[in-house]
Amino acid sequence: MDFTHLLTHLVADDSLHARWLNTLSMMENTGARKISAAEPKTTVDLLMLKHAAEEARHAYYLKKQIQKVSKTDCPTYEPAYLLAPTDSHAYLNRLDVQVCRYLKTALGLSGADLKYAAYLLVTYSIEVRADELYPVYQNVLTESGSKVNVRSIIVEEEGHLAEMLRQMETFFGDWQTHAERAVAIETGLYMAWLGSLMASEKIDAGKEN
Ligand SMILES: [Fe+2]
Ligand SMILES: [Fe+2]
């Protein structure tokens, strides 16, 4: 499966490209809302507020980019304006559920500790994905001469990954085992999501056009 080829196909078609941007925007917004929901009411710190604010900005920024794609509009996150709507909507929740299940079984966590540990692992695995996905997308945008650009998101996601690593070290100590497990869970969901994307638009990323 060639992700660059899939993105090239999406970017070449205005309608698909607009829905791709809207799908990313929806997923960033889901991330922002999840971080806000995980915030402790009174002890939330600057870093967590910054992270929630930046993910919300990514959702807004990606939605604004749709205006640069001609003759298209995706006013809402309703299924008609997304790619693989069911799986795209469910992706973060599924990740959260599976990571929580792992944390309960492996570490016996519950309550506030479970909530915070899940925030760390879910967010970390998403940052690893974002640090891979956005640069590939930016290369495709640059190659195709698109007016859309995601450079400011790349810079912030790199910062998030470094911040999550520091926070995981503080909370878990032996964070690597748990981080690897979260990344493995996320990778399974991501591969399934890519499959849904291609199936929903009958895209065969293995073939040249
Ligand atoms: Fe983001
Ligand atoms: Fe992020």
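Residues numbered from 1 in each chain as written. Chains lettered and ligands numbered in written order. Predicted model: local features only at pLDDT ≥ 70, side-chain atom pairs only at ≥ 80, totals over all residues. Heavy atoms only, no water.

Some details on the overall build of the protein chain
For the protein chain, the helix and strand inventory stands at seven helices and zero strands. Its C-alpha atoms give the protein chain a radius of gyration of 17 Å, within 12% of the compact-globule value 17 Å for 209 residues. The contacts of the protein chain with a sequence gap of at least 6 include a subset with a gap of at least 24, amounting to 76%. Summed over its atoms, the accessible surface of the protein chain is roughly 10400 Å², and 55% of this surface lies on carbon and sulfur atoms. Of note, the protein chain has its 21 positive side-chain charges centred 6 Å away from the centre of its 28 negative side-chain charges. (Helix = DSSP H or I, 4+ residues; strand = E, 2+ residues; numbered from the N terminus. Rg over C-alpha atoms; globule rule 2.2 N^0.38 Å. Contact = heavy atoms within 4.5 Å. Areas by Shrake-Rupley, 256 points an atom, 1.4 Å probe, with all protein chains shown as cover. Lys, Arg positive; Asp, Glu negative; His and termini not counted. Charge placed at Lys NZ, Arg CZ, Asp CG, Glu CD.)

What about the confidence of the model for the protein chain?
Here the protein chain averages 93 in pLDDT, while 96% of its residues score no lower than 70. Looking over the protein chain, one finds the lowest element-wise mean pLDDT in helix α1 (residues 3–12), namely 94, and the highest in helix α4 (residues 85–107), namely 97. (pLDDT = per-residue confidence, 0-100.)

Description of the side chain of H51
Its place among the elements puts H51 in helix α3 (residues 46–65). A relative accessible area of 1% means that H51 is categorised as buried. In terms of polar contacts, H51 uses its side chain to reach the side chain of E127, at 3.0 Å. Every residue in contact with H51, bar those within four places of it in the chain, is listed here: I35, Y119, T123, E127, H160 and M164. (Buried < 20%, exposed > 50% of the residue type's maximum accessible area, 1.4 Å probe, protein only. Polar contact = N/O pair within 3.5 Å; in protein donor to acceptor, adjacent residues only side chain to side chain.)

Focus: the packing of α1 against helix α2 (residues 14–38)
For any two helices packed against each other, the geometry comes down to the angle between their axes and how far apart the axes lie. Closest axis-to-axis distance for the α1/α2 pair is 5 Å, and the angle between their directions is 115 degrees. Judged by the angle between their axes, α1 and α2 are roughly perpendicular. Facing α1, whose interface residues are F3, L7, H9, L10, V11 and A12, α2 presents D14, L16, H17 and W20. Partitioning the contact of α1 with α2 into residue classes produces seven nonpolar, two polar and one charged. (Axes fitted to C-alpha atoms, helices over the stretch in contact; angles between N-to-C directions. Parallel < 35°, antiparallel > 145°, perpendicular 65-115°, else oblique. Nonpolar A, V, L, I, M, F, W, Y, C, P; charged D, E, K, R; others polar.)

Let's talk about the coordination of the iron ion (ligand 2)
The protein atoms donating to the iron ion (ligand 2) are E55 (OE), E127 (OE), E127 (OE), E157 (OE) and H160 (ND1), with metal-donor distances spanning 1.9 to 2.8 Å. Separating the iron ion (ligand 2) from the iron ion (ligand 1) is a gap of 3.7 Å, bridged by E55, which donates to each. Of this pair, E157 and H160 both sit in helix α6 (residues 151–172), separated by three residues, roughly a single helical turn. Residue classification places E157 among the buried positions, given a relative accessible area of 2%. (Donors = N, O, S within 2.8 Å, 3.2 Å for Na, K, Ca; no water.)

Observations regarding the coordination of the iron ion (ligand 1)
Around the iron ion (ligand 1), the protein contributes the donor atoms E28 (OE), E28 (OE), E55 (OE), H58 (ND1) and E157 (OE), at 2.0 to 2.6 Å from the metal centre. The sequence pattern formed by the donor residues of the iron ion (ligand 1) is E-x26-E-x2-H-x98-E.

Thoughts on the packing of aromatic side chains
When we look at a pair of aromatic rings, we describe it by the centre distance and by the angle of the planes. Taken as a whole and assessed by the stated rule, the structure comprises nine aromatic pairs. Aromatic side chains Y91 and W193 sit 6.0 Å apart centroid to centroid with 35 degrees between the ring planes, which places their arrangement in the tilted category. Taken as a pair, Y91 in helix α4 and W193 in helix α7 (residues 175–200) lie far apart in primary sequence, 102 residues in all. W193 carries the same exposure label as Y91, and that label is buried. In this structure an aromatic cluster arises from ring pairing among F3, W20, Y91, Y137, Y190 and W193. Positioned over the ring face of Y61 is R57, at 5.3 Å from the centre of the ring. If you follow R129 out to its NZ or CZ, it ends over the ring of Y190, 3.6 Å from the centre. (Phe/Tyr/Trp six-rings, centres within 6.5 Å; stacked < 30°, edge-to-face > 60°. Lys NZ or Arg CZ within 6 Å of the ring centre and 35° of its normal.)

Here we look at the side chain of T23
By the secondary structure assignment, T23 is in helix α2. Note on T23: relative accessible area 0%, which makes it buried. One polar contact links the side chain of T23 to the main-chain amide nitrogen of L83, over a distance of 2.9 Å. Setting aside residues up to four positions removed in sequence, T23 forms contacts with L82, L83, S88 and W193.

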